[in-house]
Amino acid sequence: MHRPDTTIMAFGGKAPRIHDSAFIAPGCRIIGDVEIGPDASIWYNCVLRGDVTRIVIGARSNVQDGTVIHCDGPMPGAPDGFPTLIGDDVLIGHMAMLHGTVIEDRGFVGFAAQTMNGCVIEREGMLAAGALLAPGKRIPARQLWSGRPATFMRDLDDRMIAGLQMGVGHYVENARRHAALYDGQIDGTAEG
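Small disclaimer: the values here were computed from a predicted structure and weren't measured. Every chain's residues receive numbers from 1 upward, in the order its sequence appears when written. Predicted model: local features are reported for residues with pLDDT of at least 70 only, side-chain atom pairs are reported and counted for 80 or more only, and whole-chain, interface and lining totals are derived from all residues. Side-chain figures throughout are based on the complete set of non-hydrogen atoms in the structure, without hydrogens or water.

Draft legend 1. How the structure looks around the overall build of the protein chain. Secondary structure assignment for the protein chain yields 1 helix and 20 strands. Radius of gyration here is computed from C-alpha atoms only, and the compact-globule reference equals 2.2 Å multiplied by the residue count raised to the power 0.38. Its C-alpha radius of gyration of 16 Å places the protein chain within 12% of the 16 Å reference for a compact globule of 192 residues. Considering only C-alpha atoms, the protein chain reaches an extent of 45 × 45 × 25 Å along its principal axes. Think of it in three bands: with a 1.4 Å probe and only protein chains considered, a residue is buried below 20% of the maximum accessible area for its type, exposed above 50%, and partly exposed in between. Counting over 192 residues, the protein chain shows a buried share of 48%. Here, residues are in contact when the closest pair of their heavy atoms is within 4.5 Å. Across the protein chain, the fraction of contacts at a sequence separation of at least 24, relative to all contacts at a separation of at least 6, is 22%. Numbering of helices and strands runs from the N terminus; a helix is a DSSP stretch of H or I covering at least four residues, while a strand is a stretch of E covering at least two.

Draft legend 2. Examining the pairing of strand S6 (residues 47–57) more closely. Judged from the 7 bridges that link them, strand S4 (residues 29–36) and S6 form a sheet pairing that is parallel. Directly across from Gly32, in S6, lies its bridge partner Gly50. Relative to strand S8 (residues 68–70), S6 is paired through 2 bridges, and the arrangement is parallel. Looking at the pairing, Val47 lines up with Val68 of S8. Relative to strand S9 (residues 84–86), S6 is paired through 3 bridges, and the arrangement is parallel. Pairing of Val56 across the sheet is with Leu85, part of S9. Note on pairing: two strands pair once DSSP finds at least 2 bridges between them.

Draft legend 3. Inspection of unusual backbone geometry at higher detail. The omega torsion of the bond from Arg148 to Pro149 falls at 5 degrees, within 30 degrees of zero and hence cis. One non-glycine residue with positive phi stands out, namely Ala112, at about 60 degrees. A relative accessible area of 39% means that Ala112 is categorised as partly exposed. A positive phi angle, close to 60 degrees, is found at Arg142, a residue other than glycine. Mapping Arg142 onto the fold places it in the loop between strand S18 (138–139) and strand S19 (143–146).

Draft legend 4. Summary view of the pattern of salt bridges. Any Lys or Arg side-chain nitrogen located within 4 Å of an Asp or Glu carboxyl oxygen qualifies as a salt bridge. By the definition in use, this model includes 13 salt bridges. Here Arg106 ties to Glu124 by a salt bridge, and the two come within 2.8 Å at their closest N and O atoms. A residue pair is termed long-range when its members are at least 10 positions apart, and Arg106 in the loop between strand S12 (102–103) and strand S13 (108–109) and Glu124 in the loop between strand S15 (120–121) and strand S16 (126–127) qualify at 18 residues. Accessibility expressed as a relative area gives 25% for Arg106, which makes it partly exposed. A residue is classified by how much of its surface remains accessible, and Glu124, at 9% relative accessible area, is buried. When the shortest N-O distance is used, the salt bridge between Glu124 and Arg142 registers 2.9 Å. Residue Glu124 is found in the loop between S15 and S16, and its partner Arg142 is found in the loop between S18 and S19; the two are separated by 18 residues along the sequence.

Draft legend 5. Structural view of the environment of Ser21. Considering the arrangement of structural elements, one finds Ser21 in the loop between strand S2 (17–18) and strand S3 (23–24). Along the backbone, Ser21 and Ala131 are 110 residues apart, and their C-alpha atoms lie at a distance of 31 Å. The contact partners of Ser21, leaving out residues within four places of it in the chain, are Pro38, Asp39 and Ala40. Pairs of N or O atoms within 3.5 Å make up the polar contacts considered here, provided that, within protein, one atom can donate a hydrogen while the other can accept it, and that residues adjacent in sequence are counted only when both atoms are side-chain atoms. Within polar-contact distance, the side chain of Ser21 engages the side chain of His19 at 2.8 Å.

Draft legend 6. Region of the structure containing the pairing of S4. The element S4 is largely enclosed, with a buried count of 6 among its 8 residues. Pairing geometry for strand S1 (residues 7–9) and S4, over 3 bridges, is parallel. Residue Thr7 lies in a different strand from S4, and its bridge partner there is Arg29. When S2 meets S4, the two strands line up parallel, connected through 2 bridges. Bridged to Arg17 within S4 is Glu35.

Listed below in structure tokens is the structure:
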């Protein structure tokens, strides 16, 4: 499981818990109270820092290259703090920044989008590329929000949801191919 230039480190007595089938790419930093589920993938140069409360990545979810995930500990008005909890079959685009956010099953966060403490993206909800979801905002199920700050754009139809779920399957399979490369099962020079 250990890849070149990867940090998987305990902090404050809590160590990351990573399912054997998950793919962790080189360059990742996974610190503290972080749980990563079956067939999930954490791509190149991501940071998941569970040093003040927990981060959970569900089954088959992917966190794409350069994403930063953090959280906040207990504070006035929020005795449990703001963990970052990502459900199953979630797509997180490249260079996203998620902080103290809940993303329910089959949610989507676009490239370079940002979420802040107390945000919720409900099941099959979508935050568009480059959008900023302000603290405490909630994207209802099957809605697309966009902009800075993000606001409602439109409802998502079945075709759009099906396309996003094809992306989940692609990332599960692609992660297996990358893992095989690092585990010496295939020769990267012959990969086509």
